[in-house]
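So you can see what is in the structure, the chains are spelled out below.
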Amino acid sequence: MKPTNLLIFLIFFTNIGIANNPDSAYVFAYSTNKLNNTAGLHFAWSIDKKCWNAIGPEQRFLSSDFGRWGTQKKLISPFLFQDKNGLYHCIWSLNKDVGQFVHAASFDLYNWKRQSYPYVMETGNVLSPEISFDGASDQYKITWISELDGEQKLFKTYTNEFKNYSQSEESYEKDRLNNSTELIIDGEKQIGLVLKVPWSVINGLIKNYEWVQYHELERQESLRDDHERFKNLETIDAKITIDTGNSKAISDLLIGIFFEDINYAADGGLYAELVQNRGFEYDLSDKLGRDETWNNFKAWKFTGEKNAFTIDTIDPIHPNQKHYALLQIDKTGASLINEGFDGIPVKAGDIYDFSVFARAGNDSKGKLQIQLMDAKGIVLSEPKTINIGNKWEKYEAELIVAKTCDDAQLQIMPTTTGTFSLDMVSLFPKKTFKNRKKRLASRPGSNYCRHSPSFCKVSGRMRCPWRWTC
């Protein structure tokens, strides 16, 4: 649609049926189940509650910010409420899996304040939430339906400011408003809530829709339309003279950078730690179960007997760091190996700081041999031996690399039999950004990356030094 045609459409839309603007009218707030319930909050308006006009086809005036990805950002069963100060509150269900609802507030129904996601159920979900004002307690009351053990029950909580909530308690049907309305909007059946509002609110929603449509058209402009868009412009000649005697100093603090944590750009990239999953805390839930290998054992392998390497949580170094590696060594020669972030890049002559929290079994002592080797098992650094006791302690060693390698591995080999507990295994290059120990990575010619550029063996193209894929 050309800008001229769009302008005619918007003028027509704004004035259709509202030649004589009323003081107030009705707004219908609803959501659809389209796009897996991520279509957001919609509005329709009416003067007589009989003829309803949708404000824009599929126009989203509020969307959910909950969750990591788009499919989690659902807006289900929205409930709209206006308090005595004229502030509108909207709450809605997230899904059937969490004991939270979402709250957002607005004075005009299209500029919304920050969303909050209060936990109100330790077990059970939050469905069809409602807001009402409880005069007896002078508080807002939120009620909802929750599914527990295959049975639906009602619960409620109270709040003064939608920040702090009382302990949830069982509720009853008399606490519910049940004032949802079923209407036909643009030929489709919708369920939502009807509120009487000043006409200025509806007019603001319409103008907001017009603004969104106009700027969407601007975003669709391309160079192909330049001959039409600029056909009335005239060519001018201009002479530009640079006055070097009146220059202004530019601050050296004005910098810009784009950074996205993908493909080991943060851990394994800017952050100089070379050991992946150093605390054995990777969990399937980190990636919502999409990566079956993302667990406590990620990036680790053991060369000994199958069940001699396990993950334990009894008596960890700290309650917040509950997982650690437990090695049962009945015969020396087995080793625990970390592959880093698709390999550990090391450079000949450089020094690398190794550290580990470790303990031997009860009433015993043990020894660990630490070294770097390549994928073929060739040793790249002089082995260092660490004597450990039977209490959690931090042990450190320096490894000097004799040969440059892009895909080295860290090997930890117990040289005595017995039980060994290991946690927070770490390897940092001695050379870091501004020589700040165990901080950001650095390499010659760059303050931001420790990896040397290399050619991808698969594609033959240069591989990004931040370890981005080919």
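What this report covers is the structure whose coordinates are included nearby. (Residues numbered from 1 in each chain as written. Predicted model: local features only at pLDDT ≥ 70, side-chain atom pairs only at ≥ 80, totals over all residues. Heavy atoms only, no water.)

### Looking at the overall build of the protein
- Tallying secondary structure elements over the protein gives three helices and 25 strands in all.
- Each of the 470 residues in the protein was classed as buried or not, and the buried ones make up 44%.
- At a minimum sequence separation of 6, the contacts of the protein that also span at least 24 residues come to 58%.
- Element-wise, carbon and sulfur atoms account for 50% of the exposed surface of the protein, whose accessible area totals about 27,800 Å². (Helix = DSSP H or I, 4+ residues; strand = E, 2+ residues; numbered from the N terminus. Buried < 20%, exposed > 50% of the residue type's maximum accessible area, 1.4 Å probe, protein only. Contact = heavy atoms within 4.5 Å. Areas by Shrake-Rupley, 256 points an atom, 1.4 Å probe, with all protein chains shown as cover.)

### Some details on the packing of aromatic side chains
- For the structure on display, the rule yields 17 aromatic pairs.
- Aromatic pair F43 and F61: ring centres 5.4 Å apart, planes at 55 degrees, arrangement tilted. Taken together, the residues F43 in strand 2 (residues 41-46) and F61 in the loop between strand 3 (53-54) and strand 4 (76-82) connect sequence positions 18 residues apart. Note on accessibility: F43 and F61 belong to one class, buried.
- Against the face of Y26 rests K49, its NZ or CZ located 5.1 Å from the ring centre. (Phe/Tyr/Trp six-rings, centres within 6.5 Å; stacked < 30°, edge-to-face > 60°. Lys NZ or Arg CZ within 6 Å of the ring centre and 35° of its normal.)

### Concerning the side chain of N296
- Assignment of secondary structure puts N296 in the loop between helix 3 (226-229) and strand 13 (300-302).
- Residue classification places N296 among the buried residues on the basis of a relative accessible area of 16%.
- Ignoring anything within four residues of it in the chain, the contact list for N296 reads N277, F280, E281, Y282, I311 and H323.

### Considerations on unusual backbone geometry
- Not every positive phi belongs to a glycine, and E58 is a case in point at roughly 60 degrees.
- Given a relative accessible area of 46%, E58 falls into the partly exposed group.
- Phi angles above zero are rare outside glycine, and M424 is one such case at about 50 degrees.
- Mapped onto the elements, M424 comes out in strand 23 (residues 418-429).
- For M424, a relative accessible area of 22% gives the class partly exposed.

### Describing the sheet that holds strand 8 (residues 139-148)
- Read from one edge to the other, the open sheet built from four strands follows the order 7-8-9-10, with strand pairing classed as antiparallel. Strand pairing shows two members of the sheet lacking a second neighbour, strand 7 (127-134) and strand 10 (169-170), which therefore form its edges.
- Where strand 9 (residues 151-159) meets strand 10, two bridges bridge the pair, whose relative direction is antiparallel. Within the sheet, the bridge partner assigned to F155 lies in strand 10 and is E170. (Pairing = 2+ DSSP bridges.)

### Observations concerning the environment of W69
- Mapped onto the fold, W69 is located in the loop between strand 3 and strand 4.
- Taking the relative accessible area as the measure of exposure, W69 reaches 46% and is therefore partly exposed.
- Setting aside residues up to four positions removed in sequence, W69 forms contacts with L288 and R290.

### Brief notes about the pairing of strand 5 (residues 88-93)
- For strand 5, the tally of buried residues reaches six of six residues, placing the bulk of the element in the interior.
- Side chains of strand 5 alternate between two faces, with Y88, C90 and W92 and H89, I91 and S93 buried alike.
- With five bridges connecting them, strand 4 and strand 5 associate as antiparallel partners. Paired with I76 across the strands is S93, a residue of strand 5.
- In sequence, strand 4 turns back onto strand 5 through a hairpin of five residues, with G86 there showing a positive phi of about 85 degrees.
- As paired strands, strand 5 and strand 6 (residues 101-106) are joined by six bridges and run antiparallel to one another. Bridge assignment links S93 to a residue of strand 6, and that residue is F101.

### Observations concerning the environment of S335
- Structurally, S335 is set in the loop between strand 15 (324-329) and strand 16 (336-338).
- Expressed as a C-alpha distance, the spacing of S335 and L368, which sit 33 residues apart in the sequence, is 9.5 Å.
- Every residue in contact with S335, bar those within four places of it in the chain, is listed here: K301, F302, T303, Q411, I412 and M413.
- At 3.3 Å, the side chain of S335 and the side chain of Q411 are in polar contact. (Polar contact = N/O pair within 3.5 Å; in protein donor to acceptor, adjacent residues only side chain to side chain.)

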